[in-house]
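Next come the chains, spelled out residue by residue.
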Amino acid sequence: MTRYSAWSVFKNGLQGQRNWRRAWRDPEPKREYDTVIIGAGLHGLATAYYLAKNHAARNIAVLEKGWLGGGNAGRNTTIVRSNYMMPGNRGFYEHSLRLWENLSHELNYNVMFSQRAHITLLHTPAARDAAARRYNTMLLTGSDAELWSLKKLKRKIPHLNYDSARFPIIGAAVQRRAGNARHDAAAWGYARAADQLGVDIIQNCEVTGFAREANRVTAVDTSRGRIQARRFGLAVAGSTSQLWAAAELGKLPVETHLLQAFVTEPLKPLLDHVVVFGVGGAHFYISQSDKGGMVFGGDLDWYKSYSQRGNLPAVADAAECATSILPCLARVRLLRHWGGLMDMSMDGSPFICKTPLENLYLNAGWNYGGFKASPASGWYFADLIANARAHPAVENFDLGRFARGVNIDERGAGPDPKLHG
Amino acid sequence: MRINCPFCGLRDHAEFAYGGDGSVRYPPLDAPAADWHDAVFLRANPRGMQTETWQHLHGCRMWLLVERDTATHEIRSVRAAHDGIGAALRGERDGAR
């Protein structure tokens, strides 16, 4: 496989771009693999890559019901940050951010990771106190964090609504190392790198059932035939409950909810950072893509849904938030909007854990936060599958944590999945 | 999506607040912790018809049980969450709880 470099771009440019080869193979599924990962989203692809890279695992397949990266990998707002505070989350997301920082080199694929800073607007003294606590925790645990005064914020982003906002802005909490990445590139980069290590990525291959023998899964039935394996990893956030039920494992602490996101027509450079706005029931995050579109999102549609399409009230809410902090966007037209399926868990935190079946492993429950988490998620899920025990960093990302009383509830919202935005 | 409130008629769903899975039944207060764990934390999360609770927040503020398809958003039925509440509101003694 060709290694991408400045030289290869130059050479292929001179040759009329005729000599590029496909980035990954399109193999027929084999009857049997050592490890089968279900779901070729960011988490499944990253898992396959790190299994091959970190744990020298071979004979791996990733099964995907649609096309690679066509689920939530292509239905997000591409924000990468690690401003989490709870034990468990803090170290996990910091590890993920560090992996993002080197990901383009690691994968030999430009994921366009842009550390443009993640700026959370603050509107009340109480919010500033809470941010000081959170961002000091980050500083004390090996991350970067800053609190900006109103004066500094005005200098950095002069065109926010400082004059007539219902909730006046008083400052900001900032993580400079946070930012954006190109979502497709991350999926394609992991796919290509995994493929180079021998991983079979099999698209249009929907898992419809599990063949079980006592406490083990022996094979999965798919739309392209039965595939046997020694161990299986489930990374299908959004549809986890359905495959969980197909494996006859009962219920999960997860509900599937709908989250919409939006992009406007392209504009000249307007916003250099990721800006987050949340006060008085509003919840909104916005950045500008390299093509110029303003990419933004808000809350869930608030009701359970598997539809991958949203309703108008959530569109109106997000648009209202946009114009309340950036009034200059009022006349900008929406280009596209899309809906993704979120595995909303009971405490807003994910699962990377064993299951009641001894060779089936679970990666699920990513709520809103799956995009930024994908490198660390793949890293630790691969570690779990390779060693058949959870790494200490994810020991509380298991299904038993609620019974133990170890809820990792970053928002303090309680056991109601729709509130963990 | 529009929801046919039995008290107010057909209204846009923006008037309503989503509650949650209407099939959840809480066990008796002295039930074992495992029963409470299952009721509070575990969900069937079906793709298809499910019964869920909605409150007509910007209307009559009544809690409703809505049968809705989570894949298509089709609503099959809407009824008051508490039996007999409609009759009670009309002042009919038999309906009172």
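Structure's up top.
Note that the coordinates shown come from a computational prediction; the quantities given were computed from them, not determined experimentally.

Student: Give me the lowdown on the overall build of chain B, citing residues and values where you can.
Tutor: Of regular secondary structure, chain B possesses two helices and six strands. Its helices and strands taken in sequence order, chain B reads β-β-β-α-β-β-β-α from the N to the C terminus. Seen through its principal axes, chain B has C-alpha atoms that stretch 40 × 40 × 20 Å. Going through the 97 residues of chain B one by one, you find that 13% of them count as buried. Taking all contacts inside chain B whose residues are at least 6 apart in sequence as the whole, residues at least 24 apart take part in 45%.

Student: Can you tell me about the sheet that holds strand β6 (residues 75-80) of chain B, naming the residues and giving the values?
Tutor: Residues and elements named next belong to chain B. Reading across from one edge, β3-β4-β5-β6 is the order of the four strands in this open sheet, with antiparallel pairing throughout. Every other strand in the sheet has two partners, leaving β3 (17-21) and β6 as the edge strands with one partner each. Adjacent strand axes in the sheet meet at a mean angle of 30 degrees when their direction is disregarded. Of the pairings in the sheet, the one linking strand β5 (residues 63-69) to β6 comprises five bridges and is antiparallel in character. Counterpart to E67 in the pairing with β6 is S77.

Student: Could you give me a rundown of the interface of chain B and chain A, with the residues and numbers involved?
Tutor: Chain B puts 17 residues into the contact, and the matching count from chain A is 22 residues. Broken down by secondary-structure element, the contributors of at least two residues to the side of chain B that touches chain A are β3 and α1 (33-41) of chain B. Here the element with the most residues in the side of chain B that touches chain A is α1(B); it accounts for three residues. Considering only residue class, the side of chain B that touches chain A consists of eight nonpolar, seven polar and two charged.

Student: So what's going on with the sheet that holds strand β14 (residues 284-288) of chain A? Residues and values would help.
Tutor: All names here are of chain A. Pairing in this open sheet of eight strands is mixed, and the strands run β5-β6-β4-β13-β14-β15-β12-β16 from one edge to the other. Of all strands in the sheet, those with a lone pairing partner are β5 (146-149) and β16 (334-345), marking the two edges. Here the average twist between neighbouring strands, direction ignored, is 25 degrees. As paired strands, strand β12 (residues 254-264) and β16 are joined by 11 bridges and run antiparallel to one another. Within β16, the position partnered with V254 by the bridge is S345.

Quick notes on the rules
- Residues numbered from 1 in each chain as written.
- Chains lettered and ligands numbered in written order.
- Predicted model: local features only at pLDDT ≥ 70, side-chain atom pairs only at ≥ 80, totals over all residues.
- Helix = DSSP H or I, 4+ residues; strand = E, 2+ residues; numbered from the N terminus.
- Buried ≥ 20, exposed ≤ 12 C-beta atoms within 10 Å, placed from the backbone.
- Contact = placed C-beta atoms within 7 Å.
- Pairing = 2+ DSSP bridges.
- Axes fitted to C-alpha atoms, helices over the stretch in contact; angles between N-to-C directions.
- Nonpolar A, V, L, I, M, F, W, Y, C, P; charged D, E, K, R; others polar.

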